[in-house]
Every structure is written in C-alpha cells, then in structure tokens.
Amino acid sequence: MSVSQTIQQEPAAPMPANGVRVAVVDDHESVRLGLKAAFADEGYDVVLVAASVPELITGLAGREVDVTVLDLSLGDGSSVTDNVKSVQAAGSAVLVHSIADRVALVREALAAGAAGVIPKSSATKTVIAAAATVARGEVLNNLEWATAIDADRDFAKAQLGRREREILHLYASGLPLKLAAEQLGIGYSTAREYLDRIRVKYVEVGRPAPTKVDLLRRAVEDGILPGLDPDAGDGH
C-alpha cells in the first residue's frame with residue numbers, strides 16, 4: 001500500500017487562534033503581506049514576516065514562534081535543509097509553502113524535519129488550517145507529503161512486523177506506552193522491547209526516530225498512520 005493511499009488531502013478546519021504565534025518567510029513581498037493579513041484576520045499573533053531565514057532569525061531576536069510558514073525555494077541561494085534546521089533551532093515548527101512540482105525539494109524539507117508541506121495553490125484558509133495543525137505539535141498528513149515520499153526511490157521503509165506496526169500505530173497516535181500495551185494484551189516490558197526494536201530498525205535504514213514526534217513522522221511516512229496495512233505480515 002502506498003503512502004498516498006492512506007493519507008487524506010485536506011487538513012482539519014482552522015482551530016481558534018488562542019494566541020498562536022506565526023512567522024512567514026517568503027522572498028515575494030505580496031505573499032508575505034497576504035499571509036500576514038490573513039493570519040491577523042483570524043486572530044493569530046503574526047510575530048514577523050521576512051524575506052530570508054537569516055532576516056527572520058535576526059528579526060526575532062530571541063522571541064518565540066509556534067509555527068513558521070517557510071517558502072521552499074528562496075531566491076537567496078540558501079539550502080532547504082539549512083533553512084528548515086535554522087528555523088527549528090529558533091524554536092519554531094516548520095510548515096513548508098511550496099509549488100507543486102518541487103517533489104525532490106519537498107522530500108528534502110521533510111527529511112530535514114519540516115512538519116508538513118502545503119501547496120502555494122491552496123486557499124488561504126487551508127494554509128491557516130495547516131499552520132494550526134503544525135502549531136499544535138502535530139504532523140500534517142496530506143497528499144503533498146505522500147507524493148514526495150512515493151516519488152523518492154531511495155526512500156527506505158523500515159521492515160516492521162505486524163506487532164511492531166501495531167505498537168507504533170498506537171504509541172505514535174498519542175497513547176502512552178503502558179496503555180498501548182494493555183490494549184494489545186501484552187506486558188509493558190514487552191511493548192518497550194518492541195519500541196526499542198522499532199527505533200533500531202529506523203536507524204538501520206538511515207531514518208532515526210529518537211523522540212515520540214520522530215516516531216509519529218515515521219509512522220506517517222510509512223503509511224502506518226492513519227491506518228494499518230491489513231496485508232502486512234506478522235514477521236519481525
């Protein structure tokens with residue numbers, strides 16, 4: 001089953017802003033101003049808009065941001081990976097704003113740690129909804145993510161057994177490991193062994209997942225979330 005078969009196209013409806021802090025990085029002034037106005041109209045705290053990542057970091061001057069809407073291809077020659085990691089280092093989640101035909105760069109952004117990608121052709125309300133999802137600390141599960149992964153022939157899935165997939169599905173969905181173990185009728189120590197094994201397997205394919213958020217990303221990338229593949233085997 002391909003990832004794109006298991007991931008829904010649209011993010012959820014926008015949540016109330018509740019003081020969510022947003023930044024926008026785009027080298028087109030019209031995009032910066034348009035997004036700034038749209039987020040402000042919905043009650044978001046637009047901390048800063050900038051034409052480049054260095055401008056963003058300098059302008060923030062230590063202020064915190066919950067989510068940064070980051071243009072995938074800035075005109076300053078900067079690297080996608082460096083941009084994503086620099087924004088994350090400033091304490092912000094990253095939502096990539098991209099045109100549809102940049103699959104390789106989208107894949108690079110996701111590999112660098114971006115929480116999702118939203119096409120520039122999307123309606124403004126869809127961009128705001130996606131930013132709200134990312135600001136909550138969640139991964140944006142949409143078709144653009146799936147397409148970038150499916151198109152990458154070098155993308156190696158971890159070969160997880162059925163029970164490992166079940167543990168990952170429950171745990172990455174937000175269930176504490178103890179409750180996930182109880183739901184599957186196994187002991188906590190056994191569940192912990194499965195989780196450790198899962199992490200080892202992801203390291204082996206060059207996709208380490210040391211944190212729970214990383215495991216969530218891997219589960220989305222491999223099509224384990226939002227649903228399990230009923231055809232998966234039971235081997236380890």
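Our structure's up above, just so we're on the same page.
So, how was this worked out
- Residues numbered from 1 in each chain as written.
- Predicted model: local features only at pLDDT ≥ 70, side-chain atom pairs only at ≥ 80, totals over all residues.
- Heavy atoms only, no water.
- Helix = DSSP H or I, 4+ residues; strand = E, 2+ residues; numbered from the N terminus.
- Polar contact = N/O pair within 3.5 Å; in protein donor to acceptor, adjacent residues only side chain to side chain.
- Contact = heavy atoms within 4.5 Å.
- Buried < 20%, exposed > 50% of the residue type's maximum accessible area, 1.4 Å probe, protein only.
- Core = buried A, V, L, I, M, F, W, Y, C linked by side-chain atoms within 4.5 Å.
- Pairing = 2+ DSSP bridges.
- Axes fitted to C-alpha atoms, helices over the stretch in contact; angles between N-to-C directions.

Chemist: How do you make sense of the side chain of Ser92 when you look at a structure like this?
Modeler: Among the structural elements, Ser92 can be located in the loop between α3 (80-89) and β4 (93-98). Within polar-contact distance, the side chain of Ser92 engages the side chain of Thr68 at 2.8 Å. Once residues within four sequence positions are removed from consideration, Ser92 is found in contact with Val65, Asp66, Val67, Thr68 and Val87.

Chemist: Teacher, can you tell me more about unusual backbone geometry here?
Modeler: Generally, phi is negative for residues other than glycine and the peptide bonds are trans, each holding for most cases. Phi is positive for Ala61, which is not a glycine, with a value near 50°. Within the fold, Ala61 resides in the loop between α2 (53-60) and β3 (67-71). Judged by relative accessible area, Ala61 falls into the exposed class, the value being 66%.

Chemist: Help me understand the nonpolar core, please; the structure alone is not making it clear to me.
Modeler: Looking at soluble globular proteins, one finds that nonpolar side chains tend to be buried together. Core analysis: the largest hydrophobic core is formed by 25 residues, its most contacted members being Ile167, Leu168 and Ile198. Elements that contribute at least two residues to this core include exactly α7 (162-172), α8 (177-184), α9 (188-204) and α10 (212-221). Ile167 has contacts with Leu177, Leu184, Ile186, Ala191, Tyr194, Leu195 and Ile198, leaving out every residue within four places of it along the chain. If you look at the next biggest cluster of nonpolar residues, it comprises 23 residues, including Leu60, Leu72, Ala114 and Val117.

Chemist: Can you help me understand the sheet that holds strand β1 (residues 21-25) in this one?
Modeler: The strands making up a sheet are joined through hydrogen bonds of the backbone, oriented either antiparallel or parallel. With parallel pairing, the five strands of this open sheet are ordered in space as β2-β1-β3-β4-β5. Because the sheet does not close on itself, it has two edges, and the strands there are β2 (45-50) and β5 (116-119). Looking at each pair of strands side by side, their axes are set apart by 20° on average, direction ignored. Here β3 runs beside β4; their pairing, made up of five bridges, is parallel. Bridged to Val67 within β4 is Ala93. Each of β1, β2 and β3 touches α2; the most contacted strand, β2, lies at about 135° to it.

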